[in-house]
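Residue-level structure breakdown
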Amino acid sequence: LLLSVLIYGFTGRPLLSLVLGGGFLRMVFGVNALKELNMGEPLMPGDLVLGHQVLHNMGFFAHYTGHRLVLLLLAALVFVAVLLVIWRVERRWFQPRWMARVGWVLLSLLSLVTLYRGTVPWRDAYADGVMSDFHAWAPLDSGKQVGFMAGLVRMSQLFQRRSRPT
């Protein structure tokens, strides 16, 4: 949702931002399902570092995706076509002024950064007392108990903490 609000702030087009945000969310869940199927682990925040390796070794990963790669490319083409249609149709609708759009961008960026860093309102929402079924040493089981996105947020917040020398 925060990504959709960010896109809305940049474009001023609500339908386009919902479709782009939903498409990104679908992609993340699809990659998570593939990783769980083939490696027995959910998508982790540290996997973002390996994104370039996936793009450069697509032939290797095609073995794991099988015929789904062709379907994925077709779905991507359909998705781009839908985005183009939405872009042309939604252009005629009301667009908010630039000050409101800047406010939406700032609000969503602030929310995303504080969510990722695990500052006060988010830290309390994803605390041990609230997510008692989450265990960092068992991310697959924790993801099944608390949900994939909640587990991903919690892991990203845990990765932010650094050990202090004694």
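This report concerns the structure included in the present document. Quick caveat, the model's predicted, so the values are computed rather than measured.

**Considering the overall build of the protein chain**
- Along the backbone of the protein chain there are 9 helices and 0 strands.
- When the helices and strands of the protein chain are listed from N to C terminus, the series reads α-α-α-α-α-α-α-α-α.
- Here the protein chain holds 166 residues, and the buried ones make up 27% of them.
- Nonlocal contacts in the protein chain, meaning residues at least 24 apart in sequence, comprise 65% of its contacts between residues at least 6 apart.
- When the accessible surface of the protein chain is totalled, it reaches about 11900 Å², and 69% of it is carbon and sulfur.

**Description of the environment of Phe10**
- By the element assignment, Phe10 lies in helix H1 (residues 2-11).
- Ignoring sequence-local partners within four residues, the contact set of Phe10 consists of Arg101 and Val105.

**Thoughts on the nonpolar core**
- Met44, Leu115, Tyr126, Met131, Phe134, Ala150, Val153 and Met155 together form the largest nonpolar core, which totals 8 residues.
- Broken down by element, this core gets its largest block of residues, 3 residues, from helix H9 (residues 148-160).
- Ignoring anything within four residues of it in the chain, the contact list for Met131 reads Tyr126, Val146, Ala150 and Arg154.

**Topic: the environment of Leu18**
- With respect to the helices, strands and loops of the structure, Leu18 is situated in helix H2 (residues 14-39).
- Taking the C-alpha atoms as reference, Leu18 lies 5.5 Å from Ser4; in sequence the two are 14 residues apart.

**Focus on the packing of aromatic side chains**
- Evaluation of the coordinates by the stated rule reveals 2 aromatic pairs.
- Both rings, one in Phe29 and one in Phe148, keep their centres 5.0 Å apart while their planes meet at 70 degrees; by these two values the pair is edge-to-face. Of this pair, Phe29 sits in helix H2 while Phe148 sits in helix H9, and the two are 119 residues apart along the sequence.

**Side note on empty space enclosed by the protein**
- A complete count under the given rule lists 1 cavity of 30 Å³ or more for this structure.
- In this structure, the largest cavity occupies an estimated 80 Å³ of space.
- Around the largest cavity, the lining residues are Pro42, Leu43, Met44, Phe134, Pro139, Ser142, Gly143, Phe148, Gly151, Leu152 and Met155.
- Residue assignment for the lining of the largest cavity shows that the elements contributing at least two residues are helix H8 (139-146) and H9.
- A per-element tally of the lining of the largest cavity places H9 first, with 4 residues.
- Of the residues contributing to the lining of the largest cavity, the split by class is 8 nonpolar, 3 polar and no charged.

How each quantity is defined
Residues numbered from 1 in each chain as written. Predicted model: local features only at pLDDT ≥ 70, side-chain atom pairs only at ≥ 80, totals over all residues. Heavy atoms only, no water. Helix = DSSP H or I, 4+ residues; strand = E, 2+ residues; numbered from the N terminus. Buried < 20%, exposed > 50% of the residue type's maximum accessible area, 1.4 Å probe, protein only. Contact = heavy atoms within 4.5 Å. Areas by Shrake-Rupley, 256 points an atom, 1.4 Å probe, with all protein chains shown as cover. Core = buried A, V, L, I, M, F, W, Y, C linked by side-chain atoms within 4.5 Å. Phe/Tyr/Trp six-rings, centres within 6.5 Å; stacked < 30°, edge-to-face > 60°. 1 Å grid on protein atoms, 1.4 Å probe; cavity = no way out; pocket = protein on both sides within 12 Å on 5 of 7 lines; lining within 4 Å. Points joined across faces, edges and corners; volume = space filled by probe spheres on them. Nonpolar A, V, L, I, M, F, W, Y, C, P; charged D, E, K, R; others polar.

Honestly, that's just the spatial picture; any functional story needs more than this.
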